[in-house]
Amino acid sequence: MKALPYYGEYEAFIDSVTKLVYQELIPNVARWEVERFFPNDVFKLLGEQGYLGRLISEEYGGVGGDYKLAGAWCESFGEIASVGLTVGVNMHSLVISHALEKFGTETAKQHWLPQAVKGEAIGAYAFTEPGAGSDLASIRTTATKHGSRWKINGSKTFITNGARADFILVLTKTDPSAGYKGFTTFVVDTKSKGFKVSKTLHKLGWHASDTAELSFEDVEVDESCVLGKVGEGWGQAASNLNWERLMLTLTSLAGARMCLQASTRYASERKAFGRTIGEFGDISEYLQEMERRIALGEALAHRALDELCSSKDCRPLVAAAKRMVCDDAVWIADKAIQIHGGYGYTTEFLPERWWRDLRLMPIGGGTSEIMTNILRKDLQKP
Ligand SMILES: Cc1cc2nc3c(=O)[nH]c(=O)nc-3n(C[C@H](O)[C@H](O)[C@H](O)COP(=O)(O)OP(=O)(O)OC[C@H]3O[C@@H](n4cnc5c(N)ncnc54)[C@H](O)[C@@H]3O)c2cc1C
């Protein structure tokens with residue numbers, strides 16, 4: 001990718017990510033999509049090259065970068081036409097490891113973060129349950145205290161990296177009568193007795209990524225596994241979700257750009273009725289509209305990123321950016337298929353995979369409708 005003006009100071013970084021992506025990963029992606037799993041070696045490779053610790057402090061092996069550097073990563077790494085892979089890596093390195101550093105005990109951080117940064121231990125984040133997705137406050141997984149230990153019981157579903165994770169941040173209810181103060185997050189070692197991957201899920205897209213249903217039956221953890229203080233889980237989830245949503249938004253922008261690039265090229269090469277198809281009014285309008293939506297998406301997403309970097313209350317702006325960019329990315333991928341005609345519907349060209357993969361973005365991390373609800377509530381504020 002050409003360095004985006006917004007990330008001017010990270011041009012060299014973007015160049016090095018792009019090199020890695022095109023030389024080491026893209027040549028293998030089609031195979032991993034068919035095999036329905038990308039190998040853990042991808043995490044190790046990224047770890048060896050220092051890419052998994054962008055938001056992690058040096059004392060745990062990271063580089064102590066900021067959200068803007070992480071944004072530059074999302075928009076360059078996101079060029080890989082395997083959104084399940086890119087988000088699987090980003091959830092681990094940018095969301096889960098980062099949350100563990102922000103809220104975890106020193107014991108948990110010393111134990112997991114150096115391995116996570118090297119790609120030797122992989123993380124997952126488990127909020128969603130079979131009966132509670134958008135309505136997260138209805139989760140039923142509990143953690144109860146027995147002496148100095150906690151026992152976790154319940155099930156989680158749709159968990160990215162769930163089948164391969166070594167550690168999982170699990171949102172539980174510790175006091176169902178305490179409302180939003182009754183939630184606590186624990187870091188759980190997947191080798192713990194009572195933890196089970198109950199099922200891996202087959203999906204429309206994200207084929208290279210594992211998505212799992214997890215079960216917890218009297219899984220015991222000690223005090224060092226509590227993130228922050230007991231009762232702080234809801235607030236932590238809300239603050240982590242702002243960044244997770246922005247990560248998904250920036251990754252969608254990269255996918256949308258790749259669809260526009262492929263469509264522009266195809267429209268200038270494919271001929272019909274003695275002309276290139278780009279000369280037809282409809283096709284040219286589709287391309288212009290794709291470009292317009294990407295430009296608007298960049299403006300909004302980068303403004304939200306600026307707000308996050310300056311620690312402002314970015315929740316409404318992040319919701320606006322996620323809603324617009326993720327919906328538009330699906331529209332753009334759909335038009336990319338249209339521009340490619342019959343070939344766009346085949347697996348020989350990438351638009352069909354982009355469409356299948358980007359289709360998850362208005363659902364994961366909070367649906368488009370939930371983003372609209374956040375905006376509606378914000379507008380009602382005095
Ligand atoms: C491939 C994949 C990976 C995922 N990875 C993770 C992960 O790593 N960790 C994790 O915890 N979760 C993960 N998820 C779960 C994802 O975040 C949820 O699917 C999402 O939050 C929606 O929840 P739900 O599926 O229960 O849908 P529901 O909440 O049942 O929603 C169904 C529909 O109703 C609408 N709706 C619900 N409430 C309202 C409302 N108040 N107003 C208007 N409309 C509403 C929704 O917008 C949606 O259209 C993943 C999901 C998938 C498919």
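Residues numbered from 1 in each chain as written. Predicted model: local features only at pLDDT ≥ 70, side-chain atom pairs only at ≥ 80, totals over all residues.

Visitor: Would you mind showing me how to read the overall build of the protein here?
Guide: Each helix and strand counted, the protein has 11 helices and nine strands in total. In terms of C-alpha radius of gyration, the protein reaches 21 Å, essentially the compact-globule figure of 21 Å for 382 residues. By principal-axis analysis of the C-alpha atoms, the protein measures approximately 80 × 50 × 40 Å. Looking at the protein as a whole, 49% of its 382 residues are labelled buried. In the protein, 73% of the contacts between residues at least 6 apart in sequence involve partners at least 24 apart. (Helix = DSSP H or I, 4+ residues; strand = E, 2+ residues; numbered from the N terminus. Rg over C-alpha atoms; globule rule 2.2 N^0.38 Å. Buried ≥ 20, exposed ≤ 12 C-beta atoms within 10 Å, placed from the backbone. Contact = placed C-beta atoms within 7 Å.)

Visitor: How should I be thinking about the packing of helix H1 (residues 11–35) against helix H3 (residues 67–77) in this particular structure?
Guide: Packed helices, taken two at a time, are described by their axes: the angle between them and the distance between them. It is the contact of H1 with H3, at a shortest axis distance of 9 Å, that shows an interaxial angle of 35 degrees. For the pair H1 and H3, the sense of crossing is right-handed. On H3, the residues touching Phe13, Ile14, Val17, Thr18 and Val21 of H1 are Leu69, Ala72, Trp73, Ser76 and Phe77. Along the lines of polarity and charge, the residues of the contact of H1 with H3 split into eight nonpolar, two polar and no charged. (Axes fitted to C-alpha atoms, helices over the stretch in contact; angles between N-to-C directions. Left-handed = near helix turned anticlockwise from the far one by under 90°. Nonpolar A, V, L, I, M, F, W, Y, C, P; charged D, E, K, R; others polar.)

Visitor: I keep staring at helix H5 (residues 106–118) and nothing clicks. Help me out?
Guide: The periodicity of an α-helix, 3.6 residues per turn, causes residues three or four places apart in sequence to face the same way. Its 13 residues place the ends of H5 18 Å apart at the C-alpha level, agreeing with the 18 Å of an ideal helix rising 1.5 Å per residue. Of all the bends found along H5, the most pronounced is centred on tryptophan 112 and spans about 30 degrees, while proline 114, a proline, follows it within four residues. Considered for burial, the residues of H5 that qualify are Ala108, Lys109, Trp112, Leu113, Ala116 and Val117. Along its buried surface, H5 packs onto helix H2 (41–48), helix H4 (83–103), strand S1 (123–126), strand S4 (167–173) and strand S5 (183–189). Note on H5: the residue one or two positions beyond its end, glycine 119, has a positive phi of about 80 degrees. (Expected span 1.5 Å × (residues − 1). Bend = angle between axes of the 7 residues up to and from the residue.)

Visitor: Explain the domain arrangement of the protein here, please?
Guide: Often, the extent of an interface is quoted as the loss of accessible area upon association of its parts. The domains assigned to the protein are domain 1 (5–121), domain 2 (124–231) and domain 3 (239–380). Centre-to-centre separation of domain 1 and domain 2, based on C-alpha positions: 23 Å. Between domain 1 and domain 2, the residue contacts involve 25 residues of the former and 20 residues of the latter. Mapped by element, the contributors of at least two residues to the side of domain 1 that touches domain 2 are H1, H4 and H5. The leading source of residues in the side of domain 1 that touches domain 2 is H4, at 12 residues. (Domains from an automatic or database assignment.)

Visitor: Would you take a moment to explain unusual backbone geometry for this structure?
Guide: Trans is the prevailing form of peptide bonds, just as negative phi is the prevailing case for residues other than glycine. Backbone geometry places arginine 36, a non-glycine residue, at a positive phi of 60 degrees. Even without glycine at this site, aspartate 218 takes up a positive phi of about 50 degrees. Among the structural elements, aspartate 218 can be located in strand S7 (residues 211–222). Given 13 C-beta atoms within a 10 Å radius, aspartate 218 is considered partly exposed.

Visitor: Please clarify how the packing of helix H6 (residues 233–269) against helix H10 (residues 351–358) should be interpreted in this entry.
Guide: Across the interface, H6 lies against H10 with an axial gap of 10 Å and an inter-helix angle of 160 degrees. Viewed along their axes, H6 and H10 adopt a mutual orientation that is roughly antiparallel. You can see that H6 and H10 cross each other, and the crossing is left-handed. The segment H6 lies against H10, with Ser252, Gly255, Met258, Cys259 and Ala262 engaging Pro351, Trp354 and Leu358. Across the contact of H6 with H10, the residue classes tally to six nonpolar, two polar and no charged. (Parallel < 35°, antiparallel > 145°, perpendicular 65-115°, else oblique.)

Visitor: Mind showing me how you'd approach the nonpolar core here?
Guide: General note: in soluble globular proteins, nonpolar side chains tend to be found buried as a group. Membership of the largest hydrophobic core comes to 114 residues, with the highest contact counts inside it found for Ala126, Leu169, Phe186, Val187, Ala304 and Ala333. In contact with leucine 169, not counting residues within four places along its chain, are Ile96, Ala99, Leu100, Tyr125, Ala126, Thr185, Val187 and Leu227. (Core = buried A, V, L, I, M, F, W, Y, C linked by C-beta atoms within 7 Å.)

Visitor: Please clarify how the site of the ligand should be interpreted in this entry.
Guide: In the vicinity of the ligand there are 22 residues, among which Phe127, Gly133, Ser134, Thr367 and Glu369 approach most closely. For the shell around the ligand, the secondary-structure elements that each account for two or more residues are S1, strand S3 (149–160) and helix H11 (368–380). Residues belonging to the shell around the ligand are distributed by class as follows: 10 nonpolar, 10 polar and two charged. Mapped onto the domain boundaries, the shell around the ligand takes at least three residues apiece from domain 2 (124–231) and domain 3 (239–380). (Near = placed C-beta within 6 Å.)

Visitor: In this structure, what is going on with the environment of alanine 272? I would like to understand it.
Guide: Looking at where alanine 272 falls in the secondary structure, it is placed in strand S8 (residues 271–272). Judged by local crowding, alanine 272 falls into the exposed class, with 11 C-beta atoms found within 10 Å.

Visitor: What should I look at first to understand the pairing of S1 in this one?
Guide: Moving residue by residue along a regular strand, the side chains alternate between the two faces of the sheet. Here S1 shows a buried face lined by Gly123 and Tyr125 and a second buried face lined by Ala124 and Ala126. Alignment of S1 against S4, held across four bridges, turns out to be parallel. Bridge pairing in S4 links alanine 126 to valine 170. (Pairing = 2+ DSSP bridges.)

Visitor: Even after reading the chapter, I still don't get the pairing of S4, so can you show me in this structure?
Guide: Within S4, seven of the seven residues are buried, which leaves it mostly tucked inside the rest of the structure. Here S4 runs beside S5; their pairing, made up of seven bridges, is antiparallel. Paired with valine 170 across the two strands is phenylalanine 186, which belongs to S5.

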